[in-house]
Amino acid sequence: MARRRSYPSYFSTYFEPSGPRAVEGGIKAKQLGKSWWAKRWLSALEQFSDRGRLTRGRSYARSGQVTTIDVQRGECKAKVQGSRPWPYEVSIRVAALDPEAWKRVSKVVASEARHLAQLLAGEVPQDIEDLFAKAGTPLFPEQRRDLVYSCTCPDWGDPCKHAAAVAYVLGEAFDADPFLMFRMRGM
């Protein structure tokens, strides 16, 4: 006869799965990645991350669990409501380009009037990534180490579903403001 293991009661209560708390007024991602630059951001995210966590993160993003988002030089800070009473604090860091890198990018962009005209008109040239590559620096993350996630939740996943939700909401924010990626990269 097999012996049944008996665990203390705190294991069954601590590890029981639960859903996120409902949020009023959260940021709901409606259409993830309409523009090519938002798709490119999401492609980098999906290339370097666990599919299961991304699926849960997309669900969180669509249901409005992200309550605040703030894009700064080199970092996006946000709050995400999970199953606990208080929101988790999330950070997604991407290395900001140094002034020398921005000078190289500016020089390459200025070398062709059409690129400069598009940017001044508030449009992102289709070949902007090529311009950054010519300047010797990538615009979007190219390797896993280019994206650094942190979250105050107990999940050790990298990214956890909360950070993934923020990355998806950020992708939608890139649709609304194509220059947001430049801000993250330090411009």
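Residues numbered from 1 in each chain as written. Predicted model: local features only at pLDDT ≥ 70, side-chain atom pairs only at ≥ 80, totals over all residues. Heavy atoms only, no water.

Things to note about the side chain of Glu 75
Phase 1: Relative to the elements of secondary structure, Glu 75 occurs in strand β2 (residues 75–80).
Phase 2: Here Glu 75 is buried and forms no salt bridge, its nearest opposite-charge partner Lys 77 lying at an N-O distance of 4.2 Å.
Phase 3: Of note is the side chain of Glu 75, whose polar atom sits 2.4 Å from the side chain of Ser 91.
Phase 4: Setting aside chain neighbours within four positions, we find Glu 75 in contact with Asp 70, Ser 91, Ile 92, Arg 93 and Met 184. (Helix = DSSP H or I, 4+ residues; strand = E, 2+ residues; numbered from the N terminus. Buried < 20%, exposed > 50% of the residue type's maximum accessible area, 1.4 Å probe, protein only. Lys, Arg positive; Asp, Glu negative; His and termini not counted. Salt bridge = Lys/Arg side-chain N within 4 Å of Asp/Glu carboxyl O. Polar contact = N/O pair within 3.5 Å; in protein donor to acceptor, adjacent residues only side chain to side chain. Contact = heavy atoms within 4.5 Å.)

Some words on the packing of aromatic side chains
Phase 1: For the structure on display, the rule yields five aromatic pairs.
Phase 2: A ring pair is formed by Trp 102 and Phe 132, whose centres lie 5.7 Å apart and whose planes are at 85 degrees; its orientation type is edge-to-face. Here the residue Trp 102 occupies a position in helix α4 (residues 99–110), and Phe 132 occupies one in helix α6 (residues 128–134), the gap between them amounting to 30 residues.
Phase 3: Overall, Trp 102 belongs to the buried group, its relative accessible area being 9%.
Phase 4: The class for Phe 132 is buried, based on a relative accessible area of 1%.
Phase 5: Judged by centre distance (6.2 Å) and plane angle (80 degrees), the ring pair of Trp 102 and Phe 182 falls under edge-to-face. (Phe/Tyr/Trp six-rings, centres within 6.5 Å; stacked < 30°, edge-to-face > 60°.)

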